[in-house]
Amino acid sequence: MDRLAEEKALALNHGWKHTYEPHSCRHCNWIVLNEAELKAGEGLRGHQLSSLSNVYLADNISDALLARDEGCPLFGYLLGELLDLGLSPDILDLDGSQIVYGSLTDRGLKLSHNLADNGGIPLANILKVILPSGKLSESLDCDPGSPEAFQLSRDWVSTCLSSHPHCRLPSTSSGSDAFTPTRLLQVSQHGVRLVESSRVGGEAQTWCALSYVWGGDQPVKTTKETLAAHYDGIPFDALPKTIQDAVRVCRGLAISYLWIDALCIIQGDEQDLRRELGKMPEIYQHATVTISAAWSTKADDGFLYRRGYWYQFCPPIRLQVLGRTRQGSMYDSRVKEEEDEEKKKKRAETTLEGFAYETRVWESDPINSRAWTYQEFALSQRVLLYRSTLLEWSCRTISDSYGLLEPSTLAGKADYQPHLLDPDPFFVLSSFRSWSDIVMEYSSRHLSFASDKLRALSAIAQVYHRETGKEYLAGVWREDLPLALCWFALPQTGNSTNANEYLDSKSPPKTLQKRPADDRGPSWSWASIDDAAFMYPAADEKKIQVLRPAPGVKILRAVITPTYAGGEFDSVACGYLDIEGAMREVTASLAGRRLWWSSPSLPSSVSESGEIKVPVGDQGHEVVVTLDAAPEEEEEGLENVEGGRTGIWLLLLAEQVEEEEEKEEEGNEEENDEGQQELNIGTTTSPAYGGLVLKKLVHGQSDELRRIGFFHCCEISDMGHAGDGCGELLKEFEIRKVTLV
């Protein structure tokens, strides 16, 4: 187990080191913190300081330098930057004395110093300090397989079940009619075996579910050939370490049943897989708790190992904290090294142990990069996350931890909870998570099999459908059309696993991927591409800009054909969309482009190095195109003309306006003498327009096109206005009816 923790530290590949013991030496061993004074914000000499308290570190700068030279990492870390600045110790005037202080602020422990002729210099080398509390949640180390960890986990589960109404689902059938998975693993102390829930009765209504990264084919899985043997029993030692640890957690929680996909679904049996996919929402929603092997990259990693301490420059430092029974200031309570043994013993009896530690830049857990695990976390009411340095509890009401939990590392399930004044206390996913947010986060995750793009989100889609009554169409909702078509491709960037993070990413951008050879969805669905998708919300966060259908656009018909009867939330065989709207054929050269992407404004933008500007009409107007996928070197179905190719069409889809404009009386459409609709575009202030880039099919009907990108005519400003150019440009468009496939 220790070896695995050290391997994980090395896997960070950022110079991280690992240790199981905090540092302590004769230099830092004499630093004593006074808990009462620190919490009261008092300085060494009794001065009231609301955000700063001084800590006695050394008698003088020479002693501090000696400690550094003798290898004390605390002084080496705190003094390092000071000396890197080229400052000689003899020019320091430490508050008129030779005593070296540290400053305990809301940011942590740092060296405090003043330059004789240049005031203070803030230092970046800061260590946080943990005062002793006796709580596992404030422990630097974490052993999630310990009896204390299991007891804490049982308390979390018990408290949530009895005291958290927001973590409950609406009432469903109980007793013999209550939902249970088709199969479960029975994990008694006598062994592990597969059972059919219907044969074990009501005791199977309590189970844990495992969420983990497969990391390749599974050495032990249930197939038609192994099904009978698994009913008899599965050798514990043959199971991958992650599954072994999940069994141990169930036993530690006193829960006798466990659901694991590789063992509870018959692998390679498409009929059984389809049947169980339909039950996936209930499997995770009704599980007593979901066990998340968050930091494991494969099934054989395991997760019940002692975490220890990870650091880059300074290991954790063991500090002494003066108990409340001890009187006097920190300076008065400091005792010299030469004190007799009796005084040392008495001093030890009146002090507790605290730690100074180096903060780290937290990396996302590997489980957050996988597409299948997104719905497993989102649908679970309660999750135990076995993370890199800690065990975290996350339910829809609270988050807690065993091991140090930085605020920025919260899993965030409590963010989904209903408002406390909500008359319906039960959790409703669609009320607390917009579909555009779900698409952006999910689509940025990775799949081992690209054909699972819709399948791995099917459980969430089923829940959304039940809650809203909307009709699902290959990743979008009929009732949200046409605005649900307002998305554009977002190439994977860095290690980020959230599409919203891409918008502010400083990592080098990547190029768009090619469109998949297998059509796993119609071209107008974000599921048809391998890259992540940014989907426009109906309004921005400040509610200044509103997205609404463009003048003249109408959805006439939308049809999806699933790959099998009853599989409307799973993969699709084909689909089409009959749409009417303002269109314009353009001449453009798109072949061979490898678009680069950077932070878009609303409604859209691409980087200067990657934007494609397409001229529209003869008046010098142009639009900016972002392709859905990297085009092939030669695009079929496009007629060569001077300066580019025809066969490319723009379909006006949406306009973005200020909220005030949204409230004005609408008169965007009127009919001409022939009964046809004409666009009536205002010329005082013009919205920013966006829409689809379409291409004619090679062997299709004349009115059949497929989507190849998204365009916008101008960038919207911070005030929500575009210029009048958009209004003039749109006079080049005319209403047409087409079919998108």
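Residues numbered from 1 in each chain as written. Predicted model: local features only at pLDDT ≥ 70, side-chain atom pairs only at ≥ 80, totals over all residues. Heavy atoms only, no water.

(A) A look at the environment of Gln267. By the element assignment, Gln267 lies in the loop between helix H8 (261–264) and helix H9 (270–277). Given a relative accessible area of 23%, Gln267 falls into the partly exposed group. Not counting residues within four places of it along the chain, the set of residues in contact with Gln267 comprises Trp214, Lys221, Thr222, Thr223, Asp261 and Ala262. Within the local environment of Gln267, its side chain forms a polar contact with the backbone oxygen of Ile265, the two atoms lying 3.0 Å apart. (Helix = DSSP H or I, 4+ residues; strand = E, 2+ residues; numbered from the N terminus. Buried < 20%, exposed > 50% of the residue type's maximum accessible area, 1.4 Å probe, protein only. Contact = heavy atoms within 4.5 Å. Polar contact = N/O pair within 3.5 Å; in protein donor to acceptor, adjacent residues only side chain to side chain.)

(B) Quick look at the pairing of strand S16 (residues 351–358). Burial runs high along S16: six of the eight residues are buried. Pairing between strand S8 (residues 127–130) and S16: four bridges, direction antiparallel. If you follow Leu127 over to S16, its bridge partner there is Glu358. In terms of strand pairing, strand S15 (residues 317–322) meets S16 through six bridges, oriented antiparallel. Along S16, the bridge assignment pairs Leu322 with Thr351. (Pairing = 2+ DSSP bridges.)

(C) Geometry of the packing of aromatic side chains. Tallied over the full model, the rule gives 14 aromatic pairs. Seen from their ring centres, Trp259 and Tyr284 are 5.8 Å apart, and the 75° between their planes marks the pair as edge-to-face. Residue Trp259 is found in strand S12 (residues 257–259), and its partner Tyr284 is found in helix H10 (residues 280–285); the two are separated by 25 residues along the sequence. Grouping residues by exposure puts Trp259 and Tyr284 together as buried. Across from the ring centre of Tyr305, 4.1 Å away, lies the NZ or CZ of Arg307, which sits over that ring. Note that Arg707 overlies the ring of Trp487, its terminal NZ or CZ placed 3.5 Å from the centroid. (Phe/Tyr/Trp six-rings, centres within 6.5 Å; stacked < 30°, edge-to-face > 60°. Lys NZ or Arg CZ within 6 Å of the ring centre and 35° of its normal.)

(D) Highlighting the nonpolar core. Counting residues in each nonpolar core, the largest one holds 140 residues, and the members touching the most others are Leu185, Leu258, Ile291, Trp435, Ile460, Trp526 and Leu740. Sort the elements by how many residues they give to this core and strand S30 (residues 644–658) lands first, with seven residues. Setting aside anything within four residues of it in sequence, one finds Ile291 in contact with Cys208, Ala209, Leu210, Ser211, Ala246, Val249, Cys250, Leu258, Phe303, Leu384 and Tyr386. Within the second largest apolar cluster, 23 residues are counted, among which are Cys28, Ile31, Leu78 and Leu131. (Core = buried A, V, L, I, M, F, W, Y, C linked by side-chain atoms within 4.5 Å.)

(E) Geometry of helix H7 (residues 241–253). In a regular helix each residue adds 1.5 Å, so 13 residues correspond to 18 Å; H7 covers 18 Å between its end C-alpha atoms and thus fits that length. Counting buried positions over the 13 residues of H7 gives 10, a clear majority of the element. Of all the positions in H7, only Thr242, Ile243, Gln244, Asp245, Ala246, Val247, Val249, Cys250, Gly252 and Leu253 are classed as buried. (Expected span 1.5 Å × (residues − 1).)

(F) Examining H9 more closely. For H9, the set of buried residues is Asp272, Glu276 and Leu277. Viewed along the axis of H9, the buried residues span an arc of 135°, placing them on a single side of the element. Against the buried residues of H9 lie strand S9 (183–188), H10, helix H13 (372–379) and helix H16 (458–468). Near the N-terminus of H9, the side chain that reaches the backbone nitrogen of Gln271, with its oxygen 3.1 Å away, is that of Asp269. (Arc of directions from axis to C-beta.)

(G) Structural detail: the packing of helix H5 (residues 147–163) against H7. Two elements in contact, H5 and H7, have axes separated by 9 Å at closest approach and are oriented at 65°. For the element pair H5 / H7, the angle class is roughly perpendicular. The two elements H5 and H7 meet at a crossing, and its hand is right-handed. Counting all contacts with H5, which are made through Phe150, Ser153 and Arg154, the residues of H7 involved are Arg248, Val249, Gly252 and Leu253. Class assignment for the residues of the contact of H5 with H7 results in three nonpolar, two polar and two charged. (Axes fitted to C-alpha atoms, helices over the stretch in contact; angles between N-to-C directions. Parallel < 35°, antiparallel > 145°, perpendicular 65-115°, else oblique. Left-handed = near helix turned anticlockwise from the far one by under 90°. Nonpolar A, V, L, I, M, F, W, Y, C, P; charged D, E, K, R; others polar.)

(H) Geometry of the pattern of salt bridges. This structure, assessed with the given rule, holds 27 salt bridges. In this structure, the salt-bridge partner of Glu282 is Arg466, at a minimum N-O distance of 2.6 Å. Of the two residues, Glu282 is situated in helix H10 and Arg466 in helix H16; the sequence distance between them amounts to 184 residues. The class of Arg466 is partly exposed, set by a relative accessible area of 45%. Measuring nitrogen to oxygen at the nearest pair gives 2.3 Å for the salt bridge that ties Glu655 to Arg548. Remark: Arg548 occurs in strand S24 (residues 545–549) and Glu655 occurs in strand S30; sequence separation between them is 107 residues. In this structure, a network of salt bridges that share partners links the residues Glu270, Arg274, Arg455 and Asp570. (Salt bridge = Lys/Arg side-chain N within 4 Å of Asp/Glu carboxyl O.)

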